[in-house]
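Each chain is listed here by its residues.
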Amino acid sequence: MKRIGIKAAVVLLAAAGLAIGGAQLLTANRKADAAASVDVNDRRLAEAGAYIARTGDCVACHSVPNGKPFAGGLAMQTPVGTIYSSNITPDKQTGIGGYSYADFKNAVQHGIRKDGTPLYPAMPYPSYAIMPDADVQALYAYFMSQVEPVSQPSADSTIPWPLNMRWPMAWWQLLFAGKREFAAPAGADEKLVRGAYLVEGPGHCGACHTPRGLAYQEQALSLADGDAFLSGAVIDGWRAKSLRGEAQGLQSWSAQDIELFLKTGRTDKVAAFGAMADVVEHSTRYFTDGDLASIAAYLKQLPAAGGKLAAFPPKADSTTASLRDGRYDSRGAVIYMEQCVVCHRADGQGMARIFPALAGNSAVFAQNPQSIIQITLEGGRMPANDMDAMTFAMPGFKHLSDRDITDVINFIRTGWTNQAPDIVEKDVAHIREFLASKKPNIGGGKHE
């Protein structure tokens, strides 16, 4: 028995050695030579890179509120722990100041750090992989010449051992992040091609809006990869809505609505919240009108995801009259009148560009209720933009009980012409527990 145990241990050690050695070979083979010489002092190149950084939304993930841009520290909650974004300023000790262009390209497009360590897929390198070399070179010139260096060490994740070991990520990359090129949709004109590229590539919309598999891989990186693409997902406790053409996706949005939302973070009916508010404030508000129109045109021509309701059946609004007549036929209606009606009104229409509507708001009647629960508990703030003079905030209502939150949300999700399944108290309790356990951001060496 002792001899068998020794043999088993030897076999296990040999297997582990092969797995680790194989991972190292995989990483070495993924790395690009990228011998191109990039003049980081070329102002025009760096300015082009500044816009590309906006399209890639680099600042939203690599910065924290009231912190230095690109210094990292943003806490990203994953199912196995918290990952903190890294410092990507050109500081030579704590940032990427020592990165050659080849090092930079390997990190951005292949998920490999300068020291050869594979990056977690919280960095959307599977999407960035389709960016042309000219854009990556411009991005490098921008970061090396126009971003302020900040000395701030990147924080370690809270993922426990052995899940925090990095070498298995090389095998993950082999399976789910192979080298790829952008393929324009068949028959698309120049506008749709540009929109598809921005959505699939630098915009990495699928990183939030495409569901992930058991290995945390995006189930599709383009519509050609599968019907899961942009069909909606849960990230950081928020429901990133479907961007497809179904009833609970973008069916009720016009192309102009999408453009206005990306430009300002609001329309006459809806407002951005959660991580999407950061995306608008730091990135999409700076997109050219042509790029916004291209994205909107591309998204609007996407079909409904398989098995999803294409359009809601007609429903008459009986809620408005009941509330105005003082007929409160549920506890949820009473709470709505106590807590919500002053901003969102009895007809659920709110006030255009100030208080979002609740009637006909696709965030409200989403199939999955995580977002409406979280914003009811925590509140939220609209992103700043160049059109509206003021930003508005919604207060949190975590002081209400799980039962009260459940009742008022069910009232809202089924009121007016809204049609959505009921939630239960454990749904609220789950989000409340998630919020209480979230790790804080790290900025300037201090937890915020």
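None of these values were measured; they are calculated from a predicted model.

1. Quick word on the packing of helix α16 (residues 370-378) against helix α17 (residues 402-414)
At a minimum axis distance of 11 Å, the contact between α16 and α17 shows a crossing angle of 125°. When the axis of α16 is compared with that of α17, the two are oblique. Pair α16 / α17 crosses with right-handed handedness. Facing Ile 372, Ile 373, Thr 376 and Leu 377 of α16, the residues of α17 in contact are Ile 405, Ile 409, Ile 412 and Arg 413. Of the residues contributing to the contact of α16 with α17, the split by class is six nonpolar, one polar and one charged.

2. Overview of unusual backbone geometry
The amide bond that connects Trp 161 to the next residue, Pro 162, takes the cis arrangement and shows omega of 5°. Turning to its location among the elements, Pro 162 is positioned in the loop between α6 (133-145) and α7 (168-176). A positive phi angle, close to 35°, is found at His 204, a residue other than glycine. By secondary structure assignment, the location of His 204 is in the loop between α8 (190-200) and α9 (206-209). A positive phi angle, near 65°, is found at Arg 353, a position not held by glycine.

3. A word on the confidence of the model for the protein chain
With 91% of its residues at a pLDDT of at least 70, the protein chain reaches an overall mean of 91. Here residues 444-448 is modelled with pLDDT under 50, and outside its nearest four sequence neighbours on either side it reaches eleven contacts, counting other chains as well.

4. A closer look at α6
Here α6 spans 18 Å end to end across 13 residues, near enough to the 18 Å set by a 1.5 Å rise per residue. Among the residues of α6, Val 136, Ala 138, Leu 139, Tyr 140, Ala 141, Tyr 142, Phe 143 and Met 144 are the ones counted as buried. In the core, the buried residues of α6 are packed alongside α2 (43-55), α3 (58-61) and α4 (101-110).

5. Details of the pairing of strand β1 (residues 75-78)
Taking every second residue as pointing to the same face, both faces of β1 are buried, with Ala 75 and Gln 77 on one and Met 76 and Thr 78 on the other. Relative to strand β2 (residues 81-84), β1 runs antiparallel, the two being bridged by four bridges. Opposite Met 76, over in β2, you have Ile 83 as the bridge partner. Once β1 ends, the chain turns through two residues before running back antiparallel as β2.

6. Observations regarding the side chain of Gln 370
Among the structural elements, Gln 370 can be located in helix α16. Judged by relative accessible area, Gln 370 falls into the buried class, the value being 17%. Setting aside chain neighbours within four positions, we find Gln 370 in contact with Val 234, Gly 237, Trp 238, Arg 239 and Ile 431.

7. So, the pattern of salt bridges
A full pass over the atoms with the stated rule returns 22 salt bridges. Arg 327 is the partner of Asp 325 in a salt bridge, and the nearest nitrogen-oxygen pair spans 3.3 Å. The exposure class assigned to Asp 325 is exposed, which follows from its relative accessible area of 53%. Residue Glu 425 pairs with Arg 403 through a salt bridge whose shortest N-O separation is 2.9 Å. One end of the pair, Glu 425, is in helix α18 (residues 425-437); the other, Arg 403, is in helix α17, and 22 residues separate them in sequence. Given a relative accessible area of 34%, Glu 425 falls into the partly exposed group. You can call Arg 403 partly exposed: its relative accessible area is 36%. Among the charged side chains, a network of salt bridges with common partners joins Arg 266, Arg 353 and Asp 388.

8. So, a nonpolar patch on the surface
A surface patch of nonpolar side chains, amounting to about 320 Å² of accessible area, comprises Trp 171, Leu 174 and Leu 175. Mapped onto the elements of the fold, Trp 171 is located in helix α7.

9. Quick notes on helix α12 (residues 289-300)
Within an α-helix, residues lying three or four positions from one another point in the same direction, as the helix has 3.6 residues per turn. Under the 1.5 Å per step criterion, the end-to-end length of α12 is 16 Å for twelve residues, consistent within 8% with the ideal 16 Å. Taken as a whole, α12 has its buried residues at Asp 291, Leu 292, Ala 293, Ser 294, Ile 295, Ala 296, Tyr 298 and Leu 299. Summarising the contacts, the buried residues of α12 are in contact with α2, α8 and α10 (255-264).

10. Section: the nonpolar core
Looking at soluble globular proteins, one finds that nonpolar side chains tend to be buried together. Phe 70, Phe 104, Phe 143, Tyr 298 and Leu 299 are the most contacted members of the largest nonpolar core, which totals 63 residues. The element that contributes the greatest number of residues to this core is α6, accounting for eight residues. Among residues more than four places away in sequence, those in contact with Leu 299 are Val 199, Leu 230, Leu 243, Leu 250 and Ile 258. Within the second largest apolar cluster, 26 residues are counted, among which are Ile 405, Ile 423, Ile 431 and Leu 435.

11. Structural notes on the packing of aromatic side chains
With the rule as written, the count across this model stands at 16 aromatic pairs. A centroid spacing of 5.3 Å and a plane angle of 65° characterise the contact between Tyr 142 and Phe 143, whose relative ring orientation is edge-to-face. Where Trp 253 meets Phe 261, the ring centres are 5.3 Å apart and the plane angle is 85°; that geometry is what we call edge-to-face. Each member of the pair, Trp 253 as well as Phe 261, is classed as buried. Here the aromatic residues Phe 70, Tyr 101, Phe 104, Tyr 140, Tyr 142 and Phe 143 are joined through ring pairs into a cluster of three or more.

12. A look at the environment of Ala 357
Within the fold, Ala 357 resides in the loop between α15 (341-344) and α16. Separated by 69 residues in sequence, Ala 357 and Lys 426 place their C-alpha atoms 26 Å apart. In this structure Ala 357 touches Lys 269, Gly 348, Gln 349 and Gly 350, once residues within four positions along its chain are discounted.

13. Some remarks on the packing of α16 against α18
A pair of packed helices is captured by two measures, namely the crossing angle of their axes and the spacing between those axes. At a minimum axis distance of 10 Å, the contact between α16 and α18 shows a crossing angle of 60°. Accordingly, the angle class assigned to the pair α16 and α18 is oblique. Note on packing geometry: the crossing formed by α16 with α18 is right-handed. Between α16 and α18, the residues in contact are Gln 370, Ile 373, Gln 374, Leu 377 and Glu 378 and Asp 427, Val 428, Ile 431, Arg 432 and Leu 435, respectively.

Rules of the game
- Residues numbered from 1 in each chain as written.
- Predicted model: local features only at pLDDT ≥ 70, side-chain atom pairs only at ≥ 80, totals over all residues.
- Heavy atoms only, no water.
- Axes fitted to C-alpha atoms, helices over the stretch in contact; angles between N-to-C directions.
- Helix = DSSP H or I, 4+ residues; strand = E, 2+ residues; numbered from the N terminus.
- Parallel < 35°, antiparallel > 145°, perpendicular 65-115°, else oblique.
- Left-handed = near helix turned anticlockwise from the far one by under 90°.
- Contact = heavy atoms within 4.5 Å.
- Nonpolar A, V, L, I, M, F, W, Y, C, P; charged D, E, K, R; others polar.
- pLDDT = per-residue confidence, 0-100.
- Expected span 1.5 Å × (residues − 1).
- Buried < 20%, exposed > 50% of the residue type's maximum accessible area, 1.4 Å probe, protein only.
- Pairing = 2+ DSSP bridges.
- Salt bridge = Lys/Arg side-chain N within 4 Å of Asp/Glu carboxyl O.
- Patch = residues over 30% accessible without salt bridge, like charges linked within 9 Å, V, L, I, M, F, W, Y side chains within 5 Å.
- Areas by Shrake-Rupley, 256 points an atom, 1.4 Å probe, with all protein chains shown as cover.
- Core = buried A, V, L, I, M, F, W, Y, C linked by side-chain atoms within 4.5 Å.
- Phe/Tyr/Trp six-rings, centres within 6.5 Å; stacked < 30°, edge-to-face > 60°.

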